[in-house]
Amino acid sequence: MVEVDEFIIAGERIRSRLWLGTARYPSPQILVEALQRGNAGMVTVAVRRINLHAPQDTFLDLLIGRFPLLPNTAGCRTAEEAIFLAELAREALQTNWIKLEVVGDERLLWPDSEQLLIAARELVRRGFVVLAYAPDDPTVCERLAEAGCAAVMPLAAPIGSGQGLRDPERLLWIRHRLPNLPLVIDAGIGGPADAALSMELGYDAVLVNTAVAEAQNPILMAEAMRLAVEAGRKAYLAGKIPKVSYARPSSTLEGLPF
């Protein structure tokens, strides 16, 4: 029996549940090899940090046509800034997909919920497929879903911190409240175990950047993340046993002579 486990957002089939960022890599060549080894389902690109009109002058020229690109609005502090960058990316990259980021704190890079919702509603109105980077707040994530976001991407921990899943229970609440919406863990992943746990919670994908880019061997780490995501997804589909507070013998006592 062949198992079909397609991952679809806004009618588009996503080829892999591991998504990778493009910042902090030692070189463009290592970036490309890591993306290949990880079989990245989406590759995020910060619109503010590259010259969209001259891709040949950046690493972007190495990615176009080879990987599915997801422009993001990283660095924006207001809804107005995010909307402007989204329109710029749509014109330059010929895509209406956007990873929406609006942060309210420069140190924590924590999402500004109010500005995020304003931008999400307007971008959806303008015909964008919005994937929103969000706090791990079930109510905010629900509001983003109601605004029409195609996917919501709650953080596991502050961006680049490598802390892993700070509050798995809260992430599980979000999954339970939005059972039919694509959810992607974004930010804070430190290693493959974090990626696997994210998938075991029922999330649809994991976005990783710093944990791969700043590893001693980014290419090998990308492969490790891919395998962890695949294992976590299979574990979720297989159905984990419930946790109990007492021991249960693995062998039955029935039929023993004593």
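It should be noted that the structure appears before, not after, this text.
Description of the structure in this document. Residue numbering note: each chain is counted from 1, following its sequence as written. The predicted nature of this model means local features are confined to residues of pLDDT at least 70 and side-chain atom pairs, given and counted, to a pLDDT of 80 or more, with totals for whole chains, interfaces and linings taken over all residues. Computation of side-chain values covers all heavy atoms of the structure but excludes hydrogens and water.

**Details of the overall build of the protein chain**
Here a strand is any run of E in DSSP of at least two residues, a helix any run of H or I of at least four, and the numbering for each starts at the N terminus. Assigned secondary structure in the protein chain consists of nine helices and 10 strands. Atoms counted for the radius of gyration: C-alpha only. Globule rule: 2.2 Å times residue count to the power 0.38. Its C-alpha atoms give the protein chain a radius of gyration of 20 Å, within 12% of the compact-globule value 18 Å for 258 residues. By the burial criterion, 51% of the 258 residues in the protein chain qualify as buried. We call two residues in contact when some of their heavy atoms are within 4.5 Å. For the protein chain, restricting intrachain contacts to residue pairs at least 6 apart in sequence, the fraction spanning at least 24 positions comes to 64%. Here the Shrake-Rupley method, with its probe set to 1.4 Å, supplies the accessible areas, and only the displayed protein chains count as covering residues. Just so you have it, the protein chain exposes about 13100 Å², and 50% of that area is on carbon and sulfur atoms. Positive charges come from Lys and Arg alone, negative charges from Asp and Glu alone, with His and the N- and C-terminal ends not counted. Where a charge lies is defined by one atom per residue type: Lys uses NZ, Arg uses CZ, Asp uses CG and Glu uses CD. Of the side chains in the protein chain, 26 bear a positive and 31 a negative charge, and the two mean positions are spaced by 2 Å. Summary of the burial criterion: residues with accessible area below 20% of their type's maximum are buried, those above 50% are exposed, and those between are partly exposed, where the area comes from a 1.4 Å probe applied to protein chains only.

**So, the pairing of strand E4 (residues 43–46)**
Walk down a regular strand and you will see the side chains alternate between the two sheet faces. Residues Val43 and Val45 point to one face of E4 and Thr44 and Ala46 to the other, with burial holding for every one of them. Note: E4 against strand E5 (residues 69–72), four bridges, orientation parallel. Bridge pairing links Val43 to Leu69 in E5. Pairing between two strands requires that DSSP report at least two bridges joining them.

**Describing the environment of Ala40**
As for its position among the elements, Ala40 is in the loop between helix H1 (28–38) and E4. As for Ala40 and Thr22, which are separated by 18 residues in sequence, their C-alpha atoms are 11 Å apart. Non-local contacts of Ala40, meaning those with residues more than four positions away in its chain, are made with Arg15, Ser16, Leu18, Leu20, Leu35 and Pro68.

**Thoughts on helix H3 (residues 79–93)**
A helix's residues, less one, multiplied by 1.5 Å, set its expected span. Between its first and last C-alpha atoms H3 spans 21 Å; for 15 residues at 1.5 Å apiece the expected length is 21 Å, and the two agree. Turning to H3, its buried residues are Ala79, Ala82, Ile83, Leu85, Ala86, Ala89 and Leu93. Along the axis of H3, the buried positions cluster into a sector of 165 degrees, meaning they face one direction only. Facing away from the buried side of H3 by more than 90 degrees, the exposed set consists of Glu80, Phe84 and Glu91. What the arc describes is the spread of directions from the helix axis to the C-beta atoms.

**Notes on the packing of aromatic side chains**
In this scheme Phe, Tyr and Trp rings, the latter by its six-membered ring, pair at centre separations within 6.5 Å, and the angle between planes marks the pair as stacked below 30 degrees, edge-to-face above 60, and tilted otherwise. In the structure shown here, the tally under the stated rule is one aromatic pair. Seen from their ring centres, Phe7 and Trp19 are 6.2 Å apart, and the 25 degrees between their planes marks the pair as stacked. Of the two residues, Phe7 sits in the segment before strand E1 (8–9) while Trp19 sits in strand E3 (residues 18–20), which places them 12 residues apart along the sequence. An identical accessibility class is assigned to Phe7 and Trp19; each is buried. Only when the NZ atom of a Lys or the CZ atom of an Arg is both within 6 Å of the ring centre and within 35 degrees of the ring normal do we say a charge sits over the ring. In this structure, Arg90 is placed above the aromatic ring of Phe128, and the distance from its NZ or CZ to the ring centre is 3.8 Å. Over the ring of Tyr133 we find Lys99, and its NZ or CZ is 5.5 Å from the ring centre.

**Topic: unusual backbone geometry**
In this structure, Arg24 is a non-glycine residue whose phi angle is positive, near 75 degrees. Along the polypeptide, Arg24 turns up in the loop between E3 and H1. Residue classification places Arg24 among the exposed positions, given a relative accessible area of 55%. Positive phi is not limited to glycine here, since Leu109 has a value of about 55 degrees. Here Leu109 lies in the loop between strand E6 (97–100) and helix H4 (113–125). Accessibility expressed as a relative area gives 28% for Leu109, which makes it partly exposed.

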